[in-house]
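Structural characterization, general
One letter stands for each residue in the lines below.
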Amino acid sequence: MINRLIEKIEKTQAPIVVGLDPMIGYVPAFILDKEIKEKGETPEAAGEAIWKYNKGIIDAVYELIPAVKPQIAMYEQFGIPGLIAFKKTIDYCKQKGLIVIDDAKRSDIGSSSAAYANGHLGSVQIGNTKCYGFDADFLTVNPYLGTDGVQPFIDTCKEEKKGIFVLVKTSNPSSGEFQDREIDGRPLYEIVGEHVAKWGGDCMGDSYSYVGAVVGATYPEMGKILRKIMPKTYFLVPGYGAQGGTAKDLKPYFNEDGLGAIVNSSRGIICAYKQEAYAHFGEEGYAEASRQAVLDMKQDINSIF
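Described in the following lines is the structure provided in the data block. What you see is a predicted model; the values in this text were computed from it and never measured.

1. A few points about a nonpolar patch on the surface
Taken together, the side chains of Ile-109, Tyr-144 and Leu-145 make up a nonpolar region of the molecular surface, amounting to roughly 350 Å² of accessible area. For Leu-145, a relative accessible area of 38% translates into the label partly exposed.

Printed below as a string of structure tokens:
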């Protein structure tokens, strides 16, 4: 799957992943009101409205980008109807040829991690039938439990030819409370980065590993160090745009081949119609506003090469 991701990045010339992280307040009134009228003020109405909102954005941008990243929390908050919308979103994105990065940040002890891996990336055996759950292409993984928490995900990646992105240095302001703490004179994020490089060493694609890393755009100097520690690791880079990361900040995350990183934007794209720069599209033109935001982001990022 890492090879396919790179192929799509090269084809689109857009190292961009659109974060499908819908809050109910992002959904235009003409979509939400229709569902509430039919289903009442219920989780079912919210789930269906979110799915239709996502579909409009996907239809507008799928030819421009290689990948999407739905954040499962935004769907889980609506219970089962939200998870149905999550699954419908994944399936539709795959129908459109997009790579799907399932942002669920899963991990646990071995058997539980194996169950998470099966549910999000792999399959379960029910009688004589192999059944897939969410069936995403990549999954974000928390390394806090160590190797035995991560290994089941790696095993599934090898079996299914899929991938993971391990949290190494996240973009949020308080990430340093743990990630920057020094151990034997070195910050923890460097040590995690070394483990990611090691874990990925025996599951390589053509040029990059199935085991990627989440490295926030808000810490470019740390990104530069981590790029050296993990030269064959693909970086999933959150924090661009709404969280303060700029195109100039992104340069250290890429290798000299122009590859090695894919940059996420969520609110900046899916909520573009609410921004002054795209307000002229209007609420009913929310999807077209998202398309223009992708084009602008692509131009901005490619300006650093």
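Continuing now.
2. What about the pairing of strand 12 (residues 261-265)?
Within strand 12, five of the five residues are buried, which leaves it mostly tucked inside the rest of the structure. Here strand 12 shows two buried faces, one formed by Ala-261, Val-263 and Ser-265 and the other by Ile-262 and Asn-264. Pairing between strand 1 (residues 16-18) and strand 12: three bridges, direction parallel. Note that in strand 12 the partner of Ile-16 across the bridge is Val-263. As paired elements, strand 11 (residues 235-237) and strand 12 share three bridges and run parallel to each other. Of the residues in strand 12, the one forming a bridge with Phe-235 is Ala-261.

3. A few points about the packing of helix 3 (residues 43-61) against helix 13 (residues 286-302)
Orientation of helix 3 relative to helix 13, taken along the N-to-C sense of each, is 45 degrees, at an axis distance of 8 Å. Accordingly, the angle class assigned to the pair helix 3 and helix 13 is oblique. In this structure, helix 3 meets helix 13 at a crossing whose hand is right-handed. Taking contact as the criterion, the partners of Lys-52, Tyr-53, Gly-56, Ile-57, Ala-60 and Val-61 in helix 3 are, on helix 13, Tyr-286, Ala-287, Ser-290, Arg-291 and Val-294. The class makeup of the residues in the contact of helix 3 with helix 13 is seven nonpolar, two polar and two charged.

Thresholds applied
Counting starts from 1 at the beginning of each chain's written sequence and moves along it residue by residue. With the structure being a predicted model, the display of local features is reserved for residues of pLDDT at least 70 and the display and counting of side-chain atom pairs for 80 or more, all residues being used for whole-chain, interface and lining totals. Note that the side-chain values use all heavy atoms of the structure and ignore hydrogens as well as water. The residues that make up patches have over 30% relative accessible area and no salt bridge, and they are joined within 9 Å when like-charged or within 5 Å when they are Val, Leu, Ile, Met, Phe, Trp or Tyr. Calculation of accessible area relied on Shrake-Rupley with a 1.4 Å probe; when residues are assessed, cover is drawn exclusively from the protein chains displayed. By salt bridge we mean one thing: a side-chain nitrogen of Lys or Arg within 4 Å of a carboxyl oxygen of Asp or Glu. Whether a residue is buried, partly exposed or exposed follows from its accessible area with a 1.4 Å probe, protein chains only, as a fraction of its type maximum: under 20%, in between, or over 50%, in that order. Helix and strand definitions here come from DSSP, where helices need a minimum of 4 consecutive H or I residues and strands a minimum of 2 consecutive E residues; each element is numbered from the N-terminal end. Here, a strand pair is defined by DSSP locating no fewer than two bridges between the strands. Lines fitted to the C-alpha atoms define the axes, with helices restricted to the stretch that makes contact. Angles between their N-to-C directions range from 0 to 180 degrees. In what follows, roughly perpendicular refers to angles from 65 to 115 degrees, roughly parallel to angles under 35, roughly antiparallel to angles over 145, and oblique to any angle outside these ranges. In this scheme the crossing of two helices becomes right-handed for a clockwise turn of the near helix relative to the far one and left-handed for an anticlockwise turn of less than a right angle. When checking whether two residues touch, look at their non-hydrogen atoms; a contact exists if any pair is within 4.5 Å. Each residue gets one of three labels, nonpolar for Ala, Val, Leu, Ile, Met, Phe, Trp, Tyr, Cys and Pro, charged for Asp, Glu, Lys and Arg, and polar for the others, Gly among them.

These values are about where atoms sit, not about what they do.
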